[in-house]
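Letter by letter, the chains look like this.
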Amino acid sequence: MKVNKFFKSIYPNITIKNLENKFLYLSYDKKNNINLFLGLRLSLSILVFILSLFIFKNGYFIAPILTIAIYILFEYLFLDLKIRKRAKIIESDSIFFFEVLSLTIQSERNLKLCIETTCNAIDSSISDEFKICLKEVKLGKTLTEGLVDLMQRIPSKSVCNVILNIIEANEFGNSIEGALINQVNYLTDKRILDIKSNINKMPMKISIISVLLFLPLMLILIIGPIIINYILG
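Described below are features of the structure shown in this document. Note that this is a predicted model, so its numbers are computed, not measured.

What about the overall build of the protein?
When you go through the protein residue by residue, the secondary structure sums to 9 helices and 0 strands. Each helix and strand of the protein, placed in order from N terminus to C terminus, yields the pattern α-α-α-α-α-α-α-α-α. Looking at the protein residue by residue over its 233 residues, the buried ones come to 34%. Long-range contacts, defined here as pairs at least 24 residues apart, represent 58% of the contacts in the protein between residues at least 6 apart. In the form shown here, the protein has an accessible surface area of approximately 15400 Å², with 66% of it arising from carbon and sulfur atoms.

Some points on helix α7 (residues 143-152)
One turn of the α-helix equals 3.6 residues, which is why residues spaced by three or four share an orientation. When we look at burial in α7, the residues that qualify are L143, G146, L147, D149 and L150. Along the axis of α7, the buried positions cluster into a sector of 160°, meaning they face one direction only. Contact partners of the buried residues in α7: α5 (111-121), α6 (125-138) and α8 (157-172).

Observations regarding the state of the cysteines
On inspection of all chains with the given rule, the structure shows 0 disulfides. Among the cysteines around C119, which has no disulfide bond, C133 carries the closest sulfur, lying 8.3 Å off.

A few points about the packing of α5 against α6
At a minimum axis separation of 10 Å, α5 and α6 run at an interaxial angle of 135°. The orientation of α5 relative to α6 falls into the category oblique. The crossing of α5 and α6 is left-handed. Contacts from K112, I115, E116 and C119 in α5 reach S127, F130, K131, L134, V137 and K138 in α6.

Section: the nonpolar core
Core analysis: the largest hydrophobic core is formed by 32 residues, its most contacted members being F98, L101, I115, F130, L147, I163 and I166. Counting residues per element, the ones that place at least two in this core are α4 (59-107), α5, α6, α7, α8 and α9 (176-232). If you look at the next biggest cluster of nonpolar residues, it comprises 13 residues, including F7, L26, L38 and L79.

Describing helix α2 (residues 13-25)
An ideal rise of 1.5 Å per residue puts 18 Å on 13 residues; α2 measures up with 19 Å between its terminal C-alpha atoms. Burial in α2 covers these residues: T15, I16, L19, K22 and F23. Take α2 and look down its axis: the buried residues cluster within an arc of 125°, on one side only. When the buried face of α2 is taken as reference, the exposed residues oriented beyond 90 degrees from it are N13 and I14.

Re the pattern of salt bridges
A complete count under the given rule lists 9 salt bridges for this structure. Put simply, K22 and E75 hold a salt bridge, and the shortest N to O gap is 2.6 Å. Taken as a pair, K22 in helix α2 and E75 in helix α4 lie far apart in primary sequence, 53 residues in all. With respect to class, K22 is no different from E75; both count as buried. A salt bridge links R41 to E75; the nearest nitrogen and oxygen atoms lie 2.9 Å apart. Separated by 34 residues along the polypeptide, R41 in helix α3 (residues 34-55) and E75 in helix α4 bring together distant segments of the chain.

Details of the packing of aromatic side chains
Scanning the entire structure with this criterion turns up 8 aromatic pairs. Where F74 meets F78, the ring centres are 4.6 Å apart and the plane angle is 35°; that geometry is what we call tilted. With F74 and F78 both in helix α4, this residue pair falls 4 residues apart, about one helical turn. Every member of this aromatic cluster is reached through a ring pair, and the members are F23, F37, F74 and F78.

Rules used throughout
Residues numbered from 1 in each chain as written. Predicted model: local features only at pLDDT ≥ 70, side-chain atom pairs only at ≥ 80, totals over all residues. Heavy atoms only, no water. Helix = DSSP H or I, 4+ residues; strand = E, 2+ residues; numbered from the N terminus. Buried < 20%, exposed > 50% of the residue type's maximum accessible area, 1.4 Å probe, protein only. Contact = heavy atoms within 4.5 Å. Areas by Shrake-Rupley, 256 points an atom, 1.4 Å probe, with all protein chains shown as cover. Arc of directions from axis to C-beta. Disulfide = S-S within 2.5 Å. Axes fitted to C-alpha atoms, helices over the stretch in contact; angles between N-to-C directions. Parallel < 35°, antiparallel > 145°, perpendicular 65-115°, else oblique. Left-handed = near helix turned anticlockwise from the far one by under 90°. Core = buried A, V, L, I, M, F, W, Y, C linked by side-chain atoms within 4.5 Å. Expected span 1.5 Å × (residues − 1). Salt bridge = Lys/Arg side-chain N within 4 Å of Asp/Glu carboxyl O. Phe/Tyr/Trp six-rings, centres within 6.5 Å; stacked < 30°, edge-to-face > 60°.

The structure is reproduced here in structure tokens:
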């Protein structure tokens, strides 16, 4: 979707370009609209600025700070978090997808046909993106061009590296199967490390929750009798 001329006139070109790239990562969801996002963020920032001037005593000092904070936080909450979640889903789905693709390549050397077969056999987020790539190829793009465009819609650098290796192997006549196996092993190891990292963080999270839950109870048990004795006199 093209950015409205009004927004192009008030936002820097680099900001528009970065947002367009981010919205490409979320292009799977047709509800995501860059013009709506820009309009909402601008309106909310102006509203926060005006309200801060009237609500706070030192509004002229607080208003710019709050406005900048809302401006940055809005993009983080409505774009960055979604993109991060999308990247994790694609990385998780891609391991099985590329494993099946490597097995398909063993019996069929036509890469386009192998991708079609794999997409028909697997229903996942990464499979949906490859299906879009195949549609673009049917409309006239080369397979390489379709895969390059696919990389622009993938928010995971690891998965993009796999696709890049497929492109290079296909272009230069190298073993696609070998490249896939190496990349799948890398994705699997990365997945394991991510899981271990999350497990290592769990004790800290549990400790924080325990403190938040039990500290008030301990204070009530300790201070409660003292307060009761004081009231009863």
